[in-house]
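# Fold and geometry: a report
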Amino acid sequence: MSSTAKEAAKASVTVTLDGTNRSTTLPLLTGTLGPAVADIRKLYGDLGVFTFDPGYGATASCESKITYIDGDAGILLYRGYPIEQLAEKSDFIEVAYLLLEGELPTGTQLADFRKNVTNHTMVHEQLRRFFDGFRRDAHPMAILCGVVGALAAFYHDNLDINDPRQREIAAFRLIAKVPTIAAWAYKYSIGQPFMYPRNDLSYAENFLYMLNAVPAEPYVNNPILSRAMDRILVLHADHEQNASTSTVRLAGSTGANPFACIAAGIAALWGPAHGGANEAVLKMLAEIGTKENIPQFIKEVKDKNSHTKLMGFGHRVYKNFDPRATIMKDTCHEVLAELGIKDSPLLDMAMEMERIALTDDYFIQRKLYPNVDFYSGIILKAMGIPTHMFTVLFAVARTVGWVSQWKELIEDPAQRIGRPRQIYRGAGTRDYVAVDRRS
Ligand code: CMC
């Protein structure tokens, strides 16, 4: 246990094993914000019982100083700063520094950090060849996962994760190279030449440039769209111990190569219950087709046997509203206005679904509200980004969160290999039977 946790352990919980005279007192730890946490580490030793928490809904897996969510109040803080303030006043590179280093940078620190990240935007030329191994119709998340994992092959033998300077360089490399690989995954899928990064552009501008520019024509940056992209990156940069971050931490806890750990995070993010939801929202809207079909769709969602979910709704932690969704909705209106899109059937449908869902008992009782993915897909589509790239974009943003959490894990003296236990419900011990004697 770290000293912070030790100092905070003032109260305790006593657990008694029914039918025995055995009990144990567990320290109750308190963080800066949020509910107290019972430290169950000695429970098994004292009472011989494990805890059972599939999906980890009631389990704190680590101590962290990076991100805080209050799901009931709809609050999201990066290093203590409200997401609304960061989305309005900061930019992605500054937020990346904040997440990694814990404080907002001074002007000099920010300039140095920006330079360090841009110094690493190119990938080893040999890495280009990895793309040729994929089918043209491969999902870009599959390509991203494979190629980011392949970075481990370029930076493995000489990487010592116990050296802070080497961890810092790995962080720069990941934050800088993932957009390049992501944009190339897209270019590969449409058969266009790869665009090399431009270090004179901002992070968001450069990413849009690598996605949209072609060598045959001059590229014109649209500041409103790059601002919107920057905001999307800020909103997705970190989100506490979600599935992909926990995957990165679990992989990292073994001492694995950081590039491989981030590839594991990308794999976890891809699922439709997680980062894949932004793509799923658009598919859902396309399937519903028109506003008139929404009531029938909502009926289907409420029917347990249909297994249909309202994608972009609900969250494990937010039970009031997702503050990212509110900012995303405003950004959506700004982007559509900038692009001169007066009538967006998709946005109309999304707003109508939100209206119906927010007044329907099924959603009210279950505290299901639009999450960050509900509006992000509509913005991205309006910006000309194809649906299958949505989750890739999420991965570009979340890379900084994953790297910050990986770094925090490695630097935590209390860290040890992640290794959950189970309730075994399989067969009891039995003897092997030869094949000719089995009935
Ligand atoms: N549509 C319809 N019903 C839902 C939905 C939904 N989107 N989400 C939850 N429910 C119901 C669920 O069926 C359950 O009902 P009941 O109590 O009758 O069995 C109840 O609400 C509680 O849901 P849960 O499955 O226990 O909630 P969870 O915390 O395990 O799941 C979730 C959270 C985000 C996976 C889920 O809400 C979901 O699948 N949402 C749709 C996918 C989505 O938008 N994901 C993006 C999440 S935000 C970005 C990110 O994290 O990457």
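Quick note: structure is the one above.
Residues numbered from 1 in each chain as written. Predicted model: local features only at pLDDT ≥ 70, side-chain atom pairs only at ≥ 80, totals over all residues. Heavy atoms only, no water.

## A word on the site of the ligand
We count it as follows: Throughout this document, a residue counts as near a molecule or strand when at least one of its heavy atoms sits within 4 Å of that molecule or strand. Distance and chemistry together define a polar contact, namely a pair of N or O atoms within 3.5 Å, with one atom able to donate a hydrogen and the other to accept it when in protein, and with adjacent residues in sequence counting only for side-chain atoms on both sides. Per-residue and other accessible areas were derived by the Shrake-Rupley procedure at a 1.4 Å probe size, with only the shown protein chains allowed to occlude residues. Only Asp, Glu, Lys and Arg are considered charged in this grouping, and only Ala, Val, Leu, Ile, Met, Phe, Trp, Tyr, Cys and Pro are considered nonpolar; every other residue, Gly among them, is considered polar.
If you check the shell around the ligand, you find 21 residues, and the closest are H274, L310, G312, R316 and N371. A distance of 3.1 Å is found between a nitrogen atom of the ligand and a backbone nitrogen or oxygen belonging to A273. Separating an oxygen atom of the ligand from a backbone N or O atom of G275 is a distance of 3.4 Å. Out of a free accessible area of 930 Å², the ligand has 74% covered by protein chains. Among the residues making up the shell around the ligand, the classes are represented as 10 nonpolar, 6 polar and 5 charged.

## Overview of the pattern of salt bridges
The condition is simple: Basic side-chain nitrogens of Lys or Arg form a salt bridge, by our definition, when they fall within 4 Å of a carboxyl oxygen of Asp or Glu.
Inspection of the entire model under this criterion finds 17 salt bridges. Connected through salt bridges with shared partners, the residues R167, K407 and E411 form a single ionic network.

## Digging into the pairing of strand 2 (residues 23-29)
So the rule is basically this: Criterion used throughout: strands pair if DSSP finds at least two bridges between them. Helical segments are the DSSP runs of H or I of at least four residues, strand segments are the runs of E of at least two, and each set is numbered from the N terminus.
With 6 bridges connecting them, strand 1 (residues 11-16) and strand 2 associate as antiparallel partners. Across the sheet, residue S12 finds its bridge partner in strand 2, namely P27. Where strand 1 folds back onto strand 2 in an antiparallel hairpin, the turn is made up of 6 residues, including G19, whose phi is positive at roughly 80°. Both strand 2 and strand 3 (residues 37-38) contribute to a ladder of 2 bridges, which runs antiparallel. What sits directly across from L29, in strand 3, is V37.

## Structural notes on the packing of aromatic side chains
Just so we agree on the cut-off: Aromatic rings from Phe, Tyr and Trp, taking only the six-membered ring of Trp, are treated as a pair when their centres fall within 6.5 Å; an angle between ring planes under 30 degrees marks them as stacked, one over 60 as edge-to-face, and anything in between as tilted. In this scheme, a residue with accessible area under 20% of its type's maximum is buried, one over 50% is exposed, and one in between is partly exposed, where area comes from a 1.4 Å probe on protein chains only. Charge-over-ring placement is defined geometrically: NZ (Lys) or CZ (Arg) within 6 Å of the ring centre, and within 35 degrees of the ring normal.
Throughout the structure, instances matching the rule amount to 15 aromatic pairs. Measuring from centroid to centroid gives 6.0 Å for F313 and F363, while their planes differ by 70°, and the two rings are edge-to-face. Here F313, found in the loop between helix 14 (294-302) and helix 15 (323-338), pairs with F363, found in helix 17 (residues 361-365); they are 50 residues apart in sequence, far enough to count as distant. Taking relative accessible area as the criterion, F313 reaches 10% and is therefore assigned buried. A cation sits over an aromatic face here: R128 above W184, 5.6 Å from the ring centre. The cationic tip of R136 hangs over the ring face of Y188; the distance from NZ or CZ to the ring centre is 4.1 Å.

## Describing helix 15
Rules: A helix is expected to span 1.5 Å multiplied by its residue count minus one. We call two residues in contact when some of their heavy atoms are within 4.5 Å.
Helix length check: helix 15, at 16 residues, gives a terminal C-alpha distance of 23 Å against a target of 22 Å (1.5 Å per residue), a fit within 8%. Listed in full, the buried residues belonging to helix 15 are P323, R324, A325, I327, M328, T331, C332, V335 and L336. If you follow the buried residues of helix 15, they end up packed against strand 5 (75-78), helix 3 (83-89), helix 10 (223-236), helix 16 (345-359), helix 18 (372-382) and helix 19 (390-411).

## Here we look at the sheet that holds strand 2
What links the strands of a sheet is backbone hydrogen bonding, and the strands pair in either a parallel or an antiparallel sense. Spatial ordering of the open sheet is given by 1-2-3, a layout of 3 strands whose pairing is antiparallel. Each of the sheet's edge strands pairs with one partner strand only, and the pair in question is strand 1 and strand 3.

## Looking at the environment of G255
Looking at where G255 falls in the secondary structure, it is placed in the loop between helix 11 (243-252) and helix 12 (258-269). Classification of G255 by relative accessible area gives partly exposed; the value is 42%. G255 sits 87 residues away from K342 along the chain, and the two C-alpha atoms are 52 Å apart.

On their own, these measurements won't tell you what the molecule is for.
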